[in-house]
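Inside the fold
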Amino acid sequence: MDIRVYNKIADEGLDILKNKGFTLNETNNPEGIILRSEELNDLEFNDNLVAIARAGAGVNNIPIQRAIENGIVVFNTPGANANAVNELVFTSMVMAIRHMRFANQWVHTLVGEDIPKQVEAGKKQFKGSEIKGKTIGVIGLGSIGHMVGNTAVKLGMHVLGYDPYIKEEAAYRLDPQIQRVTDVQTIYQEADFITIHVPYTQDNHHFIDKKAIDLMKKETILLNFSRAELIDVASVIAALDNKNLRYYLTDFPEEALMNRSDCLLFPHLGASTDEAEKISAQMAANQLSDFILTGNIRYSVNFPNVQMDMETACRLVIVNRNIPNMITLLVTELGEHQINIVHLTNKSRGDYAYTLIDFDEQDPQVLQELKEKIDANENILSARLIRK
Ligand SMILES: NC(=O)c1ccc[n+]([C@@H]2O[C@H](COP(=O)([O-])OP(=O)(O)OC[C@H]3O[C@@H](n4cnc5c(N)ncnc54)[C@H](O)[C@@H]3O)[C@@H](O)[C@H]2O)c1
Ligand SMILES: O=C(O)[C@H](O)COP(=O)(O)O
């Protein structure tokens, strides 16, 4: 069993894979892929590939729809790097309004034995302001956004939160002082800081565009630690130029933003901490290896959670279209091969469904015939046999 590793995945995750008997990067036909931000949208899937695990949150670098059609399960690691991003968001806000970039640069220019005196004389040029008492608008209240909102409350900010798709468990985690708004325009019109924490999809390209920026208060500070494509940078630059926006703080630099005193640019550092890299790699490795070894699914972005203890000699793992009669078809096929089903579970999500069937048949010829029969059905997107 081989896993293709892209990007710098923490050793703690790779060790999990090795300890479970996987090899890393040894073949051109791996069963699984583990990655961070590697762009895979044009990747041609190899025959053995059954799963892709993203050690991190964003999956816009993975061709999810094409993966589904090939029966490939895609995972991410919700929440694993949320605190790292949360801390960077507030660091960047304080850096901006306390002029820390320029203050630090200035101090490094000082020479002579009277530096303390020069510091006291020169510090007035860097007088800043505080975030306490200001209003922050948080767009997206998931793993990162809810933490940002809660931290902002603790720092004495007034928090407006917007997330029409928030999951119930995320809503429970929100500090009650966060004011939920049902219209994102309220955030544009009222916030001093606006930070966006939503996944990038084709539907929300330039989520924050000229129209949105035109609604913002003069001197708003805009933060983007989610994805470059969520924000129309040309409109950001125009608003910075005419002082309608005060600062743009982002993890996604591009040429047009370079060398501006009103931008703080970071090299996509949100998740780059020892802690986040370790937890993300461990979660991704566990999800990927469990799926390959048992068929169980946790935290997939394109399939439902499915967990069933494997107590039999053999398990059939099926990805199929979510249409009538699929279970009947599978059960009939097993019956025709005189196979007695011990456990069966089936869950669907949208147009696709996932089925695990446990039984004790071990005759390789019978199993091979069964798999070929099932594979031949056009509504079965993938079929796999796992032996204990
Ligand atoms: N800079 C970094 O290094 C870094 C690190 C982690 C995540 N990210 C980015 O941040 C994104 C969010 O991460 P997360 O872990 O919080 O994800 P998440 O899935 O936990 O939360 C996303 C939230 O956005 C909400 N949402 C979706 N569409 C929305 C819309 N149109 N309007 C308002 N809310 C909407 C969802 O309901 C969900 O609550 C990731 O997809 C990734 O692109 C960047
Ligand atoms: O979506 C994410 O998790 C972040 O953008 C982190 O990306 P990285 O793992 O490449 O640092």
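Shown above is the structure to which this text applies.
The structure contained in this document is the topic of the report that follows. Note that the structure is a prediction, hence the values are computed from the model and not measured.

1. With respect to the packing of helix 12 (residues 326-336) against helix 13 (residues 364-375)
Relative orientation of the contacting elements helix 12 and helix 13 amounts to 150°, with a least axis distance of 10 Å. As the angle between them shows, helix 12 and helix 13 are arranged roughly antiparallel. Pair helix 12 / helix 13 crosses with right-handed handedness. Residue-level contacts link L330, E333 and L334 of helix 12 to L370, K373 and I374 of helix 13. Partitioning the contact of helix 12 with helix 13 into residue classes produces four nonpolar, no polar and two charged.

2. Points about the site of ligand 2
All residues adjacent to ligand 2 are R36, S37, R54, A55, G56, A57, G58, N81, R227, H268 and A271. Contacts to ligand 2 include H268, whose side-chain N or O atom sits 2.6 Å from an oxygen atom. Considering ligand 2 on its own, with 320 Å² of exposed area, one finds that the protein chains cover 89% of that surface. For the shell around ligand 2, the per-class residue count stands at three nonpolar, five polar and three charged.

3. Details of the site of ligand 1
Among the 25 residues in the neighbourhood of ligand 1, the closest are listed as S143, I144, D163, F225 and D251. At a separation of 2.6 Å, an oxygen atom of ligand 1 approaches a polar side-chain atom of D163. One of the backbone N or O atoms of S226 is found 3.3 Å from an oxygen atom in ligand 1. Here ligand 1, which alone exposes 860 Å², has 86% of that area covered by the protein. Looking at the shell around ligand 1, its residues break down into 13 nonpolar, nine polar and three charged.

Definitions and limits used
- Along each chain, residues carry numbers from 1 onward, in the same order as the chain's sequence is written.
- Whichever chain is written first is A, and whichever ligand is written first is 1; the rest continue in order.
- Reporting of local features is limited, given that this is a predicted model, to residues whose pLDDT is at least 70; pairs of side-chain atoms are given and counted only at 80 or more, and all residues count toward the totals for whole chains, interfaces and linings.
- Only hydrogens and water are set aside; all other atoms, that is, all heavy atoms of the structure, feed into the side-chain values.
- Fitting a line to C-alpha atoms yields each axis, with helices limited to the stretch in contact; the angle taken between N-to-C directions then spans 0 to 180 degrees.
- The secondary structure listing takes helices from DSSP runs of H or I that are at least 4 residues long and strands from runs of E that are at least 2 residues long, numbered from the N terminus.
- An angle below 35 degrees is read as roughly parallel, one above 145 as roughly antiparallel, one from 65 to 115 as roughly perpendicular, and any other as oblique.
- For any helix crossing, the convention is left-handed if the near helix is rotated counterclockwise from the far helix by under a right angle, and right-handed if that rotation is clockwise.
- The contact criterion used throughout is that any non-hydrogen atoms of two residues lie within 4.5 Å.
- Nonpolar residues are Ala, Val, Leu, Ile, Met, Phe, Trp, Tyr, Cys and Pro. Charged residues are Asp, Glu, Lys and Arg, and all others, Gly as well, are polar.
- In these notes, residues near a molecule or strand are those with any non-hydrogen atom within 4 Å of it.
- A 3.5 Å cut-off defines polar contacts: any pair of N or O atoms within that distance qualifies, except that in protein one atom must be a possible hydrogen donor and the other a possible acceptor, and neighbouring residues in sequence count only when both atoms are side-chain atoms.
- Surface accessibility in these figures is a Shrake-Rupley result with a 1.4 Å probe; residues are shielded only by whichever protein chains are displayed.

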